[in-house]
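# Results of the structural survey
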Amino acid sequence: MSSREEKTANLKKGLMDFGNYNIPTICAECGGIMIFKGVGEYKCEDCGHLDYDDYGRARNYIEKHPGATTAQVSEATGVTQKSIRDMLKEERLEIAPNSNAFLTCEICGRQIRSGRYCSKCENAYHRDIEERARAARNINLSGFGTERPIGEEGSKRFTRER
Ligand SMILES: [Zn+2]
Ligand SMILES: [Zn+2]
């Protein structure tokens, strides 16, 4: 696959991802183009009519109804429970602290409000990455210590000659 084809494929994939959130493109009031304003909100460039994608709808509803469950948000907004769960996992949405928890940590099973892991497991996960990075760096320091950064020295010499 050429890099150009790859780019097109990625773009298509990106657009498909957007499609999951039911982005309003045409104004329901006047047929104008809906312009993205941020956090799931869109405004008609002709008449100023506001509309929302799935993320905006779910987010607005949760703001007004803290404590709502995915089922309630879905019923009120028409956004599928799967989309809501996906947004929670991507941490685009967060359910209020007093709501019934319905996500669980994928490692320990504890109830969480957003994301994929509880803070304890997430920290452990990052500590693990840090340890690996440290180990990899130590190998580099001892194993490849004789190698010099050629580019740096070369450029220094170059400036001195001038
Ligand atoms: Zn309009
Ligand atoms: Zn956990």
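Residues numbered from 1 in each chain as written. Chains lettered and ligands numbered in written order. Predicted model: local features only at pLDDT ≥ 70, side-chain atom pairs only at ≥ 80, totals over all residues.

### Concerning the sheet that holds strand E3 (residues 50–52)
As a general point, the strands of a sheet are linked pairwise by backbone hydrogen bonds and lie either parallel or antiparallel. Just so we agree on the cut-off: A pair of strands is labelled paired if DSSP reports no fewer than 2 bridges between them. Numbering goes from the N terminus for both helices and strands, where a helix is a DSSP run of H or I of at least four residues and a strand is a run of E of at least two. The angle between two axes is taken between their N-to-C directions and runs from 0 to 180 degrees, where each axis is a line fitted to C-alpha atoms and a helix contributes only its stretch in contact.
Spatial strand order, E1-E2-E3: three strands in an open sheet with antiparallel pairing. Each having just a single partner strand, strand E1 (34–38) and E3 make up the two edges of the open sheet. Each adjacent strand pair in this sheet contributes to an overall mean axis angle of 35°, direction not counted. As paired elements, strand E2 (residues 41–44) and E3 share three bridges and run antiparallel to each other.

### Describing the environment of Arg 57
This is how the line gets drawn: It is the C-beta atoms, placed from the backbone, that decide contacts: two residues are in contact if theirs lie within 7 Å.
Tracing the backbone through its elements, the reader meets Arg 57 in helix H2 (residues 54–64). For the pair formed by Arg 57 and Val 39, sequence separation is 18 residues and the distance between their alpha carbons is 9.9 Å. When near neighbours in sequence (up to four residues on either side) are disregarded, Arg 57 contacts Tyr 52, Thr 77 and Val 79.

### Focus on helix H3 (residues 70–77)
Filter applied, for reference: Burial is judged by counting other C-beta atoms within 10 Å of a residue's own C-beta: 20 or more means buried, 12 or fewer means exposed, and anything between counts as partly exposed, with every C-beta placed from the backbone. Each direction from the helix axis to a C-beta atom contributes to the arc, which is the arc of those directions.
Taken together, the buried positions of H3 are occupied by Thr 70, Val 73 and Thr 77. Buried residues of H3, viewed axially, fall in a sector of 65°; they line one side. Close packing links the buried residues of H3 with H2 and helix H4 (81–89).

### A closer look at the pairing of E1
Taken together, the four bridges between E1 and E2 define a ladder with antiparallel strand orientation. By the bridge assignment, Met 34 is partnered in E2 with Cys 44.

### Comments concerning the confidence of the model for the chain
Operational definition: Note: pLDDT gives the predictor's confidence per residue, expressed from 0 to 100.
Of the residues in the chain, 68% have a pLDDT of 70 or more, and the chain-wide mean is 76. Of the regions scoring below 50 in pLDDT, residues 15–19 engages in one contact with residues more than four places distant in sequence or in other chains. Low pLDDT, under 50, characterises residues 152–159; the predicted model gives this stretch one contact beyond four residues in sequence or across chains.

### Quick notes on the environment of Ser 74
Residue position: Ser 74 is located in helix H3. Linking Ser 74 and Asp 54, residues 20 residues apart in sequence, is a C-alpha distance of 9.8 Å. When residues no more than four places from it in sequence are discounted, the contact partners of Ser 74 are Val 79, Thr 80, Gln 81 and Ile 84.

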